[in-house]
Amino acid sequence: MTEKPAYYVTTPIYYVNDVPHIGHAYTTLAADVLARFKRLDGHDVMFLTGTDEHGQKVEKSAEKAGVDPQAFCDRVSARFQDLAKAMNFSNDQFIRTTEERHKKSVQHLWKVLQEKGYIYEDKYAGWYSVRDEAFYTETELTDGENGEKLAPTGAPVEWVEEPSYFFKLSAFEDKLLAFYDENPDFVLPRARLNEVKSFVKGGLEDLSISRTTFSWGVPVPDAPGHIMYVWIDALTNYLTAVGYPDEGAEAYKKFWPANVHMVGKDILRFHAVYWPAFLMAADLPLPGRVFAHGWWTNEGQKISKSLGNVIDPFELIESYGLDPVRFFLLREVPFGNDGDFSRKNFVLRCNADLANGIGNLSQRTLSMIHKNCDEQVPAPGSFTSDDNALFAKAEETLEVVRGHMDRQAFHLAFDAIIGLVTAADGYISVQQPWALKKTDPERMNTVLYVLADVIRQIGILAQPIMPQSMDKLLSQMNVAERGFEQIGEAGRIKPGTAIPKPEGVFPRFELPAEEGEA
Ligand code: MSP
């Protein structure tokens, strides 16, 4: 078998000014499902996440907490690492921008950009938002209720005037536009690429890439008083993690350029404009894709600390168990769109697809086998066209899922898996194995065999999104080989495999009481 190409997927590195919430969990979950899928599909995968620990925003948060910035970063970064464990993320690395290896990497990149003539010294006079850690032009701003100026994100901005180094972003307008045209899938969803293109077509100003009014960051080499702009620092984490500046490093050679940078729509400009421009300037290969997903609201409201409606992923997992949470987040909303989190929809969705779907199908089938076939997978007789049609559907499902995964259309990938569950349910209704028990026990054995094998394949296919539950299911069925090469005939379950009394994989949830009800 020819070896499949290595695969590198990243998440944004999260600011440590805030404790993790459902939005952070969402992005990393998407990357996790992709990483798990690719591993099961035979790729060598690098899956990176981490924390973004420098800049004015973090410095201010530490100050407010009355803690030294490094101690503050250590504390909050640990919460993000706890989240990764609680969500069962399979990241290969957790990078922190305060690590020495990262400082070395960003300073090296800076020097390369400087040597190639893309950095010059001047003075910045303009608007800056600490909350967004972003510069804005006058034309982008609106007036807030109290006469203050606001960024398009709603964040307050302040006037900044200070000496600064600049990156010649303006030199990359045409190159970027040509690159987008040649690589129309560089940004997904497509509509977001159009936004990026019109931003670039609107004209690019050179980018201020150093600050002098605070000190929490990576020092600019040979320029006392200058701290690197947090975004040049942060974006470079994707290179650091694979060994940059050592371009001969094993990991670098294997994994760079990254296949997918998974990000929220709020930070698309940094990833789809600034980042490729930095890389072009440094003569480094460009990533394959930036996927910008949508934002979650909570029961119709924007999620924010000040509104007090932040959804705590730890609490959700505590209430419902991990895999339903993982499933809901990626199944409910077409990936790329905004979504609204509601407990009612959560319960309806999980009951329909999990408890009444995969859960019920496997519970019924495994119970029947356990009771009627000597607690083991029966030997099948010859297969009918109905049997073969269901087998074929399982094999096709892998192809369909693969296609959707390659475009990060998670909701469609899971639809396809649920579609296979529905097909198996339909097969049961038609074949009626319980009725065959008396009339044709041999046929009953064949039907139960077909079902057991299709459940095995559903379990294998659904591992990326629900690793724990599918492990529980496959372990009950004594299925040890779980890679995607086991889909189809190659991995057919062996007659005689022990099937103990099955334990339910998914609970059924109660609908939450309506607002106003006792
Ligand atoms: N530190 C930068 C990223 C640097 S990457 C080189 C940053 N950090 S952040 O902590 O603010 O995280 C932003 C990311 O969290 C968003 O891009 C998005 O992926 C995720 N989300 C935060 N709130 C969210 C929602 N309400 N809904 C969905 N995702 C959101 O920006």
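The present account deals with the structure reproduced in this document. (Residues numbered from 1 in each chain as written. Predicted model: local features only at pLDDT ≥ 70, side-chain atom pairs only at ≥ 80, totals over all residues. Heavy atoms only, no water.)

## Comments concerning the environment of Arg289
Next, step 1: Position of Arg289 among the secondary structure elements: in strand S14 (residues 289-293).
Next, step 2: Taking relative accessible area as the criterion, Arg289 reaches 11% and is therefore assigned buried.
Next, step 3: Taking the C-alpha atoms as reference, Arg289 lies 11 Å from Leu193; in sequence the two are 96 residues apart.
Next, step 4: If we ignore the near neighbours within four places in the chain, the residues touching Arg289 are Asp185, Phe186, Leu188, Asn259, Val260, His261, Asp406, Arg407 and Gln408.
Next, step 5: Polar contacts involving the side chain of Arg289 include one to the main-chain carbonyl oxygen of Asp406, which spans 2.8 Å. (Helix = DSSP H or I, 4+ residues; strand = E, 2+ residues; numbered from the N terminus. Buried < 20%, exposed > 50% of the residue type's maximum accessible area, 1.4 Å probe, protein only. Contact = heavy atoms within 4.5 Å. Polar contact = N/O pair within 3.5 Å; in protein donor to acceptor, adjacent residues only side chain to side chain.)

## With respect to the sheet that holds strand S4 (residues 119-129)
Next, step 1: Taken in spatial order, the four strands of this open sheet run S5-S4-S8-S10, and their pairing is antiparallel. A strand with exactly one partner marks an edge of an open sheet, and here the two such strands are strand S5 (134-136) and strand S10 (207-208).
Next, step 2: Strand direction decides the pairing type here: strand S8 (residues 158-167) and S10, joined by two bridges, are antiparallel. Note on S10: the bridge partner recorded for Phe167 is Leu207. (Pairing = 2+ DSSP bridges.)

## As for the sheet that holds strand S1 (residues 7-15)
Next, step 1: Strands sit in the order S3-S2-S1-S13-S14-S9 across an open sheet of six strands; the sheet is parallel. Only two strands of the sheet have a single neighbouring strand rather than two, namely strand S3 (93-96) and strand S9 (187-188).
Next, step 2: The pairing of S9 with S14 spans two bridges and is classified as parallel. Counted as the bridge partner of Val187 is Val290 from S14.
Next, step 3: Contacts from helix H1 (residues 22-40) reach S1, strand S2 (45-52), strand S13 (260-264) and S14, with the element oriented near 165° to S1. (Axes fitted to C-alpha atoms, helices over the stretch in contact; angles between N-to-C directions.)

## Examining the pairing of S2
Next, step 1: In terms of burial, S2 is a largely internal element, eight of the eight residues being buried.
Next, step 2: Alignment of S1 against S2, held across seven bridges, turns out to be parallel. Its bridge partner being in S2, Thr10 is matched across the sheet by Leu48.
Next, step 3: For the handedness criterion, the β-α-β arrangement of S1, H1 and S2 is classed as right-handed.
Next, step 4: Judged from the four bridges that link them, S2 and S3 form a sheet pairing that is parallel. The residue of S3 that forms the bridge with Thr51 is Arg96. (Right-handed = clockwise from strand over helix to strand, strands pointing away.)

## Re the site of the ligand
Next, step 1: The environment of the ligand is formed by 22 residues, the closest being Ile13, Thr27, Asp52, Asp266 and Trp296.
Next, step 2: Within the backbone of Ile13, a nitrogen or oxygen atom sits 2.8 Å from a nitrogen atom of the ligand.
Next, step 3: Burial of the ligand by the protein amounts to 95% of the accessible area it has alone, namely 670 Å².
Next, step 4: Secondary structure elements with two or more residues in the shell around the ligand: S1, H1, helix H7 (230-235) and helix H8 (237-240).
Next, step 5: In terms of residues, the shell around the ligand owes the most to one element, S1, which gives four residues.
Next, step 6: Tallied by class, residues from the shell around the ligand come to eleven nonpolar, nine polar and two charged. (Near = heavy atom within 4 Å. Areas by Shrake-Rupley, 256 points an atom, 1.4 Å probe, with all protein chains shown as cover. Nonpolar A, V, L, I, M, F, W, Y, C, P; charged D, E, K, R; others polar.)

## Thoughts on helix H18 (residues 467-476)
Next, step 1: Among all positions in H18, only Pro467, Ser469, Met470, Leu473, Leu474 and Gln476 are buried.
Next, step 2: Where H18 is buried, its residues touch H1, helix H12 (322-331), helix H13 (343-372) and helix H17 (441-461).
Next, step 3: One or two positions beyond H18, positive phi appears at Asn478, with a value near 55°.

## Describing unusual backbone geometry
The phi angle of most residues is negative, glycine excepted, and most peptide bonds adopt the trans form.
Next, step 1: Cis peptide bonds are those with omega within 30 degrees of zero, and the linkage from Leu188 to Pro189 qualifies with -10°.
Next, step 2: Here the residue pair Trp256 and Pro257 is connected by a cis peptide bond, since its omega of 0° sits within 30 degrees of zero.
Next, step 3: With respect to the helices and strands, the residue Pro257 is situated in the loop between helix H9 (250-255) and S13.
Next, step 4: Phi at Glu299 is positive, roughly 45°, even though this residue is not glycine.
Next, step 5: Position of Glu299 relative to the elements: it lies in the loop between strand S15 (296-298) and strand S16 (301-302).

## Some details on the packing of aromatic side chains
Any two aromatic rings considered together are summarised by their centre-to-centre distance and by the angle between their planes.
Next, step 1: The full count for this structure, using the stated rule, is 38 aromatic pairs.
Next, step 2: On the numbers, 6.4 Å between centres and 50° between planes, the contact of Tyr118 with Phe167 is tilted. Note that Tyr118 is positioned in the loop between helix H4 (100-115) and S4 and Phe167 in strand S8, a separation of 49 residues in sequence. For the pair shown, Tyr118 and Phe167 are each scored as buried.
Next, step 3: When the ring of Trp296 is compared with that of Phe328, the centres are 6.1 Å apart and the planes differ by 35°; the resulting orientation is tilted. Of the two residues, Trp296 sits in strand S15 while Phe328 sits in helix H12, which places them 32 residues apart along the sequence. Each member of the pair, Trp296 as well as Phe328, is classed as buried.
Next, step 4: A network of ring pairs unites the aromatic residues Tyr26, Phe291, Trp296, Tyr320, Phe328, Phe335, Phe341, Phe346, Phe410 and Phe509 as a single cluster.
Next, step 5: One cation-aromatic arrangement involves Arg79 over Phe314; the distance from NZ or CZ to the ring centre is 4.4 Å.
Next, step 6: One residue, Arg211, lies across the ring of Tyr128, its end atom 4.3 Å from the ring centre. (Phe/Tyr/Trp six-rings, centres within 6.5 Å; stacked < 30°, edge-to-face > 60°. Lys NZ or Arg CZ within 6 Å of the ring centre and 35° of its normal.)

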